[in-house]
Amino acid sequence: MWKLTVVPLALLLAASAVHADPPANEQPQTARQAAGFAESVQPFLKQHCHSCHGPETAKAGFRIDQLGTDFTLPTVAEHWKEVLDRIHSGEMPPEDQPRPEPRQVALAANWVNQQLREVELAAKQAGGRIPMRRLNRDEYANTIRDLLHLDENIVLPLIEEMPADGLAEGFDRLGAGLFFDQTQIERSLAVASKLAAVAIVTEPPPVNRLENRFQIERARPASEQVAVFPDFEHTIPRGAKTSIVHPTHIEHLQGGPTYRVEYKGWGVICHYAVSRAVTQDGYYRFRIHGKVDNRGRQGPNFYKLQYAMNSPIQVEEQVAVNPSGVTEVVLFLRGPVNGEVKGPQVFNLLWNHTEDAVIREPNYKDLVSQWTRLRSLLERAATKRAPQAEVDALKAERAVVEKKLNAWTGPANIFNPEMDIDKLPRLLLESIEIEGPIQKEWPPASHQSLFFDGDERQDAEYVREIFTRFLPRANRRPVTTAEIDAITAVVVQAQSLNQLSFHQAMRFGLQRVLCAPGFLFLEEPAGEHQQPRPLGDYELASRLSYFLWSTMPDEELLGLAKAGKLQQQGVVAEQVKRMLADPKAGQFVRNFAGQWLSVRDYGSIMPAAEYRDYDSSLERASQQEPLAFFAEVLQHNLPVTSFLDSDFLVINERLARHYGIDGVEGDEFRRVSIQPEDHRGGVLGMAGLMTYLADGTRTLPMRRGSWVLRELLNDPPNSPPPNAGEIQPNTAGKDLTVRQRLELHRSDQICASCHFKLDPYGLALENYDAIGAWRERFNGEGFRGRNGPVLDVSGSFPSGRSFETLEEYKAGLLQDKDKFARALAVKMLTYALGRPVGYADHALVDKLVGDLQQHDYRIQSLIYGIVASEPFRSK
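Starting from 1, residues in each chain are numbered consecutively following that chain's sequence as written. For this predicted model, a pLDDT threshold of at least 70 governs which residues receive local features, and a threshold of 80 or more governs which side-chain atom pairs are given and counted, while totals over whole chains, interfaces and linings are taken from all residues. Hydrogens are left out, water is left out, and the side-chain values use all remaining heavy atoms of the structure.

For the protein, the name recorded in an unreviewed UniProt entry is Planctomycete cytochrome C, with Lignipirellula cremea as its organism.

Caption draft 1: Main features of the overall build of the protein. Secondary structure counts use DSSP, requiring at least four H or I residues in a row for a helix and at least two E residues in a row for a strand, with both numbered from the N terminus. The helix and strand inventory of the protein stands at 30 helices and 20 strands. Considering the protein as a whole, with its 875 residues, one finds that 50% of them fall into the buried category. By sequence separation, contacts in the protein at least 24 residues apart represent 73% of the contacts at least 6 residues apart. All accessibility values rest on the Shrake-Rupley procedure with a 1.4 Å probe; residue burial counts only the protein chains present in the view. Within the structure as shown, the protein displays about 41,700 Å² of accessible surface, and the carbon and sulfur contribution to it stands at 51%. A 1.4 Å probe rolled over the protein chains alone gives each residue an accessible area, and that area as a share of the maximum for its type sets the label: buried under 20%, exposed over 50%, partly exposed in between. Only heavy atoms matter for contacts: two residues are in contact if any of them lie within 4.5 Å across the pair.

Caption draft 2: Looking closely at the pattern of salt bridges. The salt bridge definition used is simple: a Lys or Arg side-chain nitrogen within 4 Å of an Asp or Glu carboxyl oxygen. For the structure shown, the criterion picks out 48 salt bridges. For Glu328, the salt bridge identified is with Arg287, shortest N-O distance 2.7 Å. Here Arg287 lies in strand β8 (residues 282-293) and Glu328 lies in strand β11 (residues 326-333), a separation of 41 residues in the sequence. Ionic pairing is found between Arg822 and Asp846, a salt bridge with its closest N-O pair at 2.6 Å. A residue pair is termed long-range when its members are at least 10 positions apart, and Arg822 in helix α28 (residues 817-833) and Asp846 in helix α29 (residues 842-854) qualify at 24 residues. Its relative accessible area of 34% is what places Arg822 among the partly exposed residues. Look at the salt bridges and you will find they share partners, linking Arg285, Arg287, Glu328, Glu433 and Glu435 into a network.

Caption draft 3: Expanded view of α29. In this scheme, a helix's expected span is set at 1.5 Å multiplied by one less than its residue total. With 13 residues, α29 should reach 18 Å at 1.5 Å per residue; the first-to-last C-alpha distance of 18 Å fits that figure. All of the buried residues along α29 are Leu844, Val845, Leu848, Val849, Gly850, Asp851 and Leu852. Phi for Asp856, located one or two positions after α29, is positive at around 60°.

Caption draft 4: Seen up close, helix α15 (residues 502-515). Taking 1.5 Å of rise per residue, the 14 residues of α15 would be expected to cover 20 Å, and the 20 Å separating its terminal C-alpha atoms lies within 8% of that figure. Of all 14 residues making up α15, eleven are buried, and the element is well covered by its neighbours. Among the residues of α15, Phe502, His503, Ala505, Met506, Gly509, Leu510, Gln511, Arg512, Val513, Leu514 and Cys515 are the ones counted as buried.

Caption draft 5: Representation of the pairing of strand β17 (residues 648-651) within the structure. Because side chains alternate across β17, one face comprises the buried residues Phe648 and Val650, and the other comprises Leu649 and Ile651, equally buried. Two strands are said to pair when DSSP picks up at least two bridges between them. With four bridges joining them, β17 and strand β18 (residues 670-673) adopt antiparallel strand pairing. Bridge pairing in β18 places Phe648 opposite Ser673.

Caption draft 6: The arrangement of the sheet that holds strand β12 (residues 346-351) in detail. Pairing is antiparallel in the open sheet, where four strands are placed in the order β7-β12-β9-β10. Each edge of the open sheet is held by one strand with a lone partner, namely β7 (267-273) and β10 (315-320). Strand-to-strand twist across the sheet, computed as the mean angle between neighbouring axes with direction ignored, equals 15°. Sheet analysis places β7 next to β12, joined by six bridges and oriented antiparallel. Only the contacting stretch of a helix is used when fitting its axis, a line to C-alpha atoms as for every element, and angles between N-to-C directions run 0 to 180 degrees.

Caption draft 7: Looking closely at the packing of helix α7 (residues 152-159) against helix α8 (residues 182-199). Interhelical geometry of α7 versus α8 gives an angle of 160° and a closest axis separation of 10 Å. If you check the angle between α7 and α8, you find them roughly antiparallel. Once α7 is placed against α8, the crossing between them reads as right-handed. Listed contacts from α8 to Ile154, Leu158 and Ile159 of α7 are Val191, Lys194, Leu195 and Val198. Nonpolar residues are Ala, Val, Leu, Ile, Met, Phe, Trp, Tyr, Cys and Pro. Charged residues are Asp, Glu, Lys and Arg, and all others, Gly as well, are polar. Grouping the amino acids of the contact of α7 with α8 by side-chain chemistry returns six nonpolar, no polar and one charged. Orientation is classified from the angle alone, with under 35 degrees giving roughly parallel, over 145 giving roughly antiparallel, 65 to 115 giving roughly perpendicular, and any other angle giving oblique. Two helices cross in a left-handed way if the nearer one is turned anticlockwise from the farther one by less than a right angle. They cross in a right-handed way if the turn is clockwise.

Caption draft 8: Fine view of the nonpolar core. To form a nonpolar core, buried Ala, Val, Leu, Ile, Met, Phe, Trp, Tyr and Cys residues must be joined to one another through side-chain atoms within 4.5 Å. The biggest cluster of nonpolar side chains holds 103 residues, and the ones touching the most others in it are Phe547, Phe588, Trp596, Phe630, Phe643, Leu684 and Tyr809. At ten residues, α28 tops the list of elements feeding residues into this core. Residue ranges labeled as domains rest on an automatic or database domain assignment. Formed jointly, this core draws a minimum of three residues from each of two domains, domain 2 (133-203 + 444-533) and domain 4 (585-864). Non-local contacts of Tyr809, meaning those with residues more than four positions away in its chain, are made with Leu684, Val708, Pro760, Tyr761, Ala764, Leu765, Phe797 and Phe803. Within the second largest apolar cluster, 48 residues are counted, among which are Ile144, Leu147, Met162 and Ala505.

Caption draft 9: Looking closely at the confidence of the model for the protein. Confidence in the prediction of the protein, expressed as mean pLDDT, is 83, and 83% of residues score 70 or more. Model confidence for the protein, summarised as mean pLDDT per element, is weakest for helix α1 (residues 7-18) at 31 and strongest for β17 at 98. Throughout residues 1-29 the model reports pLDDT below 50, and contacts reaching past four residues in sequence, or to other chains, amount to 44 contacts. The pLDDT score gives, residue by residue, the confidence of the prediction method on a 0 to 100 scale.

Caption draft 10: Local environment of the packing of aromatic side chains. Whether two aromatic rings pair depends on their centres lying within 6.5 Å, for rings of Phe, Tyr and Trp, where Trp uses its six-membered ring; planes under 30 degrees apart make the pair stacked, over 60 edge-to-face, and the rest tilted. Scanning the entire structure with this criterion turns up 34 aromatic pairs. Ring geometry for Phe797 and Tyr809: centres 5.8 Å apart, planes at 10°, overall stacked. In this pair, Phe797 sits in the loop between β19 (795-796) and β20 (802-803) while Tyr809 sits in helix α27 (residues 806-815), placing the two residues twelve residues apart along the sequence. The class for Phe797 is buried, based on a relative accessible area of 10%. Placement of a charge over a ring requires the Lys NZ or Arg CZ to be within 6 Å of the ring centre, with the centre-to-atom vector within 35 degrees of the ring normal. The ring of Phe179 carries the charged tip of Arg134 above its face, separated from the ring centre by 5.7 Å. Over the aromatic face of Phe452 sits the side chain of Arg469, whose NZ or CZ is 4.0 Å from the ring centroid.

Caption draft 11: The arrangement of the side chain of Asn352 in detail. Mapped onto the fold, Asn352 is located in the loop between β12 and β13 (358-360). The class for Asn352 is buried, based on a relative accessible area of 18%. Any pair of nitrogen or oxygen atoms within 3.5 Å is treated as a polar contact; in protein, a donor-acceptor pairing is required on top of that, and neighbouring residues in sequence qualify only through side-chain atoms on both sides. Among the polar contacts listed, one links the side chain of Asn352 to the backbone oxygen of Pro300, at a separation of 3.2 Å. One polar contact links the side chain of Asn352 to the main-chain amide nitrogen of Phe302, over a distance of 2.9 Å. Beyond its immediate sequence surroundings of up to four residues, Asn352 is in contact with Gly265, Trp266, Pro300, Asn301 and Phe302.

Caption draft 12: Unusual backbone geometry, seen in detail. Here the amide bond leading from Gly436 into Pro437 is cis, since omega sits at -5°, within 30 degrees of zero. Among the structural elements, Pro437 can be located in strand β15 (residues 426-438). In this structure, the amide linkage connecting Trp442 to the following residue, Pro443, adopts the cis form with an omega of -10°. Even without a glycine there, the phi angle at Ala308 is positive, about 50°. By secondary structure assignment, the location of Ala308 is in the loop between β9 (302-307) and β10.

Caption draft 13: Region of interest: the packing of helix α13 (residues 460-475) against α15. Running from N to C, α13 and α15 point in directions that differ by 25°, and their axes come no closer than 12 Å. Taken as axis vectors, α13 and α15 run roughly parallel relative to one another. Viewed along their axes, α13 and α15 form a crossing whose handedness is right-handed. Of the residues in α15, those touching α13 at Tyr462, Val463, Ile466, Phe467, Phe470, Leu471 and Ala474 are Phe502, Met506, Gly509, Leu510 and Val513. Residue composition of the contact of α13 with α15, grouped by class: eleven nonpolar, one polar and no charged.

Caption draft 14: How the structure looks around the environment of Val576. For Val576, the position within the fold is in helix α19 (residues 571-581). Taking the C-alpha atoms as reference points, Val576 and Ser545, separated by 31 residues in sequence, lie 9.3 Å from one another. Beyond its immediate stretch of four places on either side in the chain, Val576 contacts Leu544, Leu548, Ile863, Tyr864 and Val867.

Spelled out as C-alpha cells, the structure:
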C-alpha cells in the first residue's frame, strides 16, 4: 500500500527549529564574569542591600541575593538595570542607612553595565529571533480558511483536534511555546486528511431531511385537571390556558415563562431534541410554518432559535417572523464528534411575546406561597436543630394551609383581568422542518478554486498546473520546479500504485502540502554565518499578515512582494492602514487583546448561586465586551489611556442592565457615553474581568492587584515565599471583610513586604463584587443588603500618592500613563516579534513610548512604530 512519507522530514525540520539554540539559562557563566561579580558586586550587596532585600527581610518581596547573574535571561537584565538606576538616583540605600563609597558604587555599576552591554551585543548578533516557528492553532485555522476558501465554521471543529498551543510571555505565538512533537505530527496528519476530504469532493452532497410536525403530532390538549400542589393528591381545574390545540395548528397566546433574566421579553414556545436531524457538523435550514395574528397591535414579531444552550456548542439566532407564514433560518450546528455529543442537542423556539395574559388565581397563588414558605422554614429548622416547640408551631401552621389547599376547588389559572385578552396577538404555529446538512454551493469553493479548469481534465500535466498555482500560496513564497515535481509525483504515484481515482489522489497531494514544513512553519532562513539580515519581501509580507490578521498574506501583499515593492518608502505604512481597516483585523483584536486582557479565561469561574444576576447571557456579553472595547479604540485610533479610564463603554443591553445604565436595547454592542456616577470606564470594572479575578464567592484583591501590575504596568509581583500562607475565607462566627483579613495576613513581616506593594492595586477595585456589579457595602460570604460594612477602597501608590476612591485610583494610574504606555508597548512588541522583549530592546521600547507621546498616545502610532522598527523588519 502506498503511503505518505512526510513524517521524517517534518520531524527533522521540527527538531532543527526547536533546538537550533540552547536555552538561555543553560549557557555557562564565564570565569571572568563570576570573578568580577565576586570582587566588585557581591561585597557591595552584602554591605548595603542584604539588610533590606536579603533572606531575612526581603522588603517589597524583592531579594537581591536571588537575582542571578545570567544576563541572557530578559528578567535578570531588567532587574539589574532597575537596581542600578535606584543606586544612581540615591533612592537606594535608604536615607537612614550609611552611604556607600563612590568607588564601591562605580565598581558595582561598571560590572552591571558591562554585562548589559555584552548581552545587548549578543542579542543583536543573534538577531533576537527563533529561526523558525510553527503556526499556532488560530493561525493554522485562518490560513486554511483563506488558502482553500473554506467556511471557518467547517474548519474550526477540525482544528480543535490539534493539540493546544503552549504559552510564553502570556501569548501563544512565541516559538518557545510552540512545540512540535510526535503528537503534533500525528494530529497534523489526521487533520490534514480530513481537511483534504472536505476541500476536494468526490460525491454529491449528503442531505438529511427531517419534516417534524411535532406541534401537531405530539401536542395534545393540556389536561383539564392539575394537582393543587406537587405531591398533593387533590386536583383542581387548570382554568385559563396559554395555548390551544387546533386540528391544523396550535394557537399560542403567549410564550411560556423562562424564569431567567437573559430571556426577559421572550417566551418559550417549544423545545425538543433534534439528535435525529443533527447528525453531523454542518449548516441546517429551519423552516418555521406559522403566522402572527396581531389583532391590531403594533410592533415587530421575532423568533429566537436556540441550540444546545449552556454548552460549548451553543447557537442563538434572532429572526423576524415572515408575514408569508414561512420563516427560514440557516444555522451552523455541531453534531456528534466521533460518536460523542459535546452538548445537549435540544432546540428551543422563543417568541417575543410574554404578556401575562394567563396568571395564577390570586388567592390560590397566595396559598401556594404560604405553603412553600412554611416548607422552607421547616427545612431550615431541621438543619439548625431548632427547639421542638418551634417545629411543632410551624407544622401546625402548615396543616392549616394544607387544609385550605385541599379545600380549594379552582381554578389554578385565570385570564389577566387587567388585559383585553381578545386584543392580544396570537402565534398560529403549524410545524417546523429541519433540513441538512446543506451546502451553500456545489462543488464547494475549495474544489472549484483547486480544479480551475474543471473536473474533466485528469492528466499529470493538470496536476502540475494545479500545484504550480497552489503551492506558492500555501508556502507564502515562490517555489522551485523541484518542489512542484515532488508533489506532482505524490499524486501520480497514488493513482498508479494505489489505484485511486484522480480526485482521491489529489486529496493525498493536498494532505502532503498541508503537512509540509513550508506550510506549517513560518520560515525565515538565517543568513550566512547566522548574521542578522533584512527580511525579504515575502517574509515581510507574512510577518505583517500574521501580526495583524493571524493569517496568510492576501493577493495584494503577495503582489507587492512579487514586484519587490513592499520595502519601498511608505508602502508598508499604506498596507498597515489598509490591513487595520479590513475585517480580518478582528483577529488581531481577538488574539492580542484576547490574551493580553485574559479574555480567553473568562467563564472559567462560576459564581455562586447567591449571585442571582449572573447567567449565561451575561457571561457571553462579558466575554465580548473587552474585545468590542479594544476594537473601538483600534478602529477610531483612540488614546491607549482609554484602557485605564474612558468616558464611554462598548456594551449591549444585557451588560447595560448589569451596570445600571438605561437606554440600551438589543444584543448588538455599541458605544455608549457614561457619566462619573456610572462608575465604569476602561477595562477595570468590566464584568468579565472582575468575575475572572474572583473565586465565584468572594473577591480576590491580591489576584486583581497582581493582574493590574502584571498586565497594565508590566511589573509583576514576586512569588510569595513558601511559608506565606493563604488568605482564608470567613469561618463561622467571624464576619471580616477582605481588607480586615489582609491586615491580619500582613501582620507577618514576611508577608507584609509583598503586600505593601500589591494590596492597594487590588483593594481599590473592591467596589466591584464577585460578578463585577457595583457595590458600596461588602457583600457575599454571608453579608447581604445593609448589614454589610461600608467599603474602604483607599490606598497609596509606591510613589506615595494616596487615593480614597476608585476615581482617584484611576486618576493616579493616568498620572503615570507613561508606565502603562511602556507596558503596552512591551506586550504588543512581544506579540509582534514572537519572542521575549528584554533589556536589549530598551532603546526600541523608549522610541515606541516616545512615538505614543508625540501622537497623543493614539494606539495606531504604536502599531506603525513596531512595524517600522528594525527588529520587526529583520531576521
